[in-house]
Every structure is written in C-alpha cells, then in structure tokens.
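Fold and contact review
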Amino acid sequence: MSLVDQLKDQMKDAMRAKEKLRLGTIRMALAAVKQIEVDTRETLTDDQAIAVLTKMVKQRRDSIAQYSAAGRDELAAIEADEIKVLENFLPQPLSEEEVVQLVDASIVEVGASSMADMGKVMSALKPKVLGRADMAAIGVMIRAKLK
C-alpha cells in the first residue's frame with residue numbers, strides 16, 4: 001500500500017474516531033501531496049511523498065522554535081502534536097551510530113578527500129537517509145570528517 005493510500009485510510013479512521021487534530025494534520029499532508037501532483041502533473045512516488053512529509057515536519061520544528069521564542073507555548077504544543085501525527089507516516093529514524101556508519105561508507109564510496117567533495121557525499125547519502133535523519137546534522141558531520 002502506498003504512503004498516500006495509508007494517509008487516506010488513516011484520514012477515514014480519524015473521521016470515524018472524531019480526532020480533529022489528527023484529521024486536520026492528515027488532510028494538510030494530503031493537500032500538500034496533491035498540490036505537488038497537480039503542479040508537476042504526475043503521481044508522486046513513496047519517496048517523493050516522504051520528502052513532502054519530511055519538509056512539513058521541518059517546517060513545524062521551525063515554527064515551534066519561533067513560537068517558543070515569542071512565548072506562545074500553546075501554539076508550539078499544537079505544532080508538536082502535528083509532528084507526532086506526521087512522524088507516524090515516516091520511516092523509523094536512524095540512530096546516531098547508523099548515521100555515522102552511512103556517512104563513513106558514503107565518503108569511501110565517492111572517494112571524498114576534501115570539502116570540495118561534500119556535494120558528492122551528500123548526493124550519495126540523501127536517498128539512503130530520506131525522511132530518516134536530519135540532513136543539516138549530516139552536513140555538519142560530513143564537514144567535520146572532510147576537514
């Protein structure tokens with residue numbers, strides 16, 4: 001079953017259970033996927049849908065930081081709840097150790113030896129960690145290893 005189909009099934013379950021937050025979040029995710037499908041005129045693959053959900057989670061994390069800085073903890077709590085709903089549809093996150101192993105393997109795989117090769121490493125690594133790890137943190141890790 002594709003990720004979009006899972007989202008649709010969970011939306012129906014949320015409607016039946018009258019879970020407003022979960023229903024609204026899933027509808028938002030489906031709308032984001034549908035918008036991209038309309039814009040590109042093609043059906044998204046699971047990897048592309050995961051990228052959309054990952055972007056939504058990242059946006060909510062940024063919003064939480066801004067709401068917390070402004071003292072709007074009630075809005076930050078809503079965003080955190082939306083993240084929990086979205087994370088149910090994302091693959092299991094990688095552990096720190098797994099990320100280090102993947103980074104090391106990618107550096108060896110592309111033969112990276114300096115910062116000039118960072119783009120190659122990131123390109124090789126991105127499909128392996130899509131939706132499972134924070135690319136910004138991985139970028140920092142790669143920079144540290146390629147100095």
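Residues numbered from 1 in each chain as written. Predicted model: local features only at pLDDT ≥ 70, side-chain atom pairs only at ≥ 80, totals over all residues. Heavy atoms only, no water.

1. Considering the packing of helix α3 (residues 46-69) against helix α4 (residues 73-87)
Running from amino to carboxyl end, α3 crosses α4 at an angle of 160°, the nearest separation of the two axes being 8 Å. Between α3 and α4, the interaxial angle falls into the category roughly antiparallel. Relative to α4, α3 is oriented so that their crossing is left-handed. Every residue of α4 that contacts α3 at L53, M56, V57, R60, R61, S63, I64, Y67 and S68 is listed here: D73, L75, A76, E79, A80, E82, I83, L86 and E87. For the contact of α3 with α4, a count of residues per class yields 10 nonpolar, two polar and six charged. (Axes fitted to C-alpha atoms, helices over the stretch in contact; angles between N-to-C directions. Helix = DSSP H or I, 4+ residues; strand = E, 2+ residues; numbered from the N terminus. Parallel < 35°, antiparallel > 145°, perpendicular 65-115°, else oblique. Left-handed = near helix turned anticlockwise from the far one by under 90°. Contact = heavy atoms within 4.5 Å. Nonpolar A, V, L, I, M, F, W, Y, C, P; charged D, E, K, R; others polar.)

2. Side note on the nonpolar core
Membership of the largest hydrophobic core comes to 22 residues, with the highest contact counts inside it found for I26, L53 and F89. Counting only elements with at least two residues in this core, the list comes to α1 (3-17), α2 (20-40), α3 and α4. The greatest single-element share of this core, amounting to six residues, is contributed by α3. With residues up to four places along the chain from it excluded, the contact list for I26 reads L7, Q10, M11, V85 and F89. Counting 13 residues, the second largest nonpolar core, distinct from the first, contains L94, V99, A112 and V121. (Core = buried A, V, L, I, M, F, W, Y, C linked by side-chain atoms within 4.5 Å. Buried < 20%, exposed > 50% of the residue type's maximum accessible area, 1.4 Å probe, protein only.)

3. As for helix α6 (residues 118-129)
The terminal C-alpha atoms of α6 lie 16 Å apart, and with 12 residues this matches the ideal 16 Å at 1.5 Å per residue to within 8%. Within α6, burial applies to M118, V121, A124, L125 and V129. In an axial view of α6, the angular spread of the buried residues amounts to 135°, which keeps them on one side of the axis. Those residues of α6 that are exposed and aimed more than 90 degrees away from the buried face are K120, S123 and P127. Lining the buried residues of α6 we find α5 (96-110) and α7 (135-146). Two residues or fewer after α6 comes G131, characterised by a positive phi angle close to 75°. (Expected span 1.5 Å × (residues − 1). Arc of directions from axis to C-beta.)

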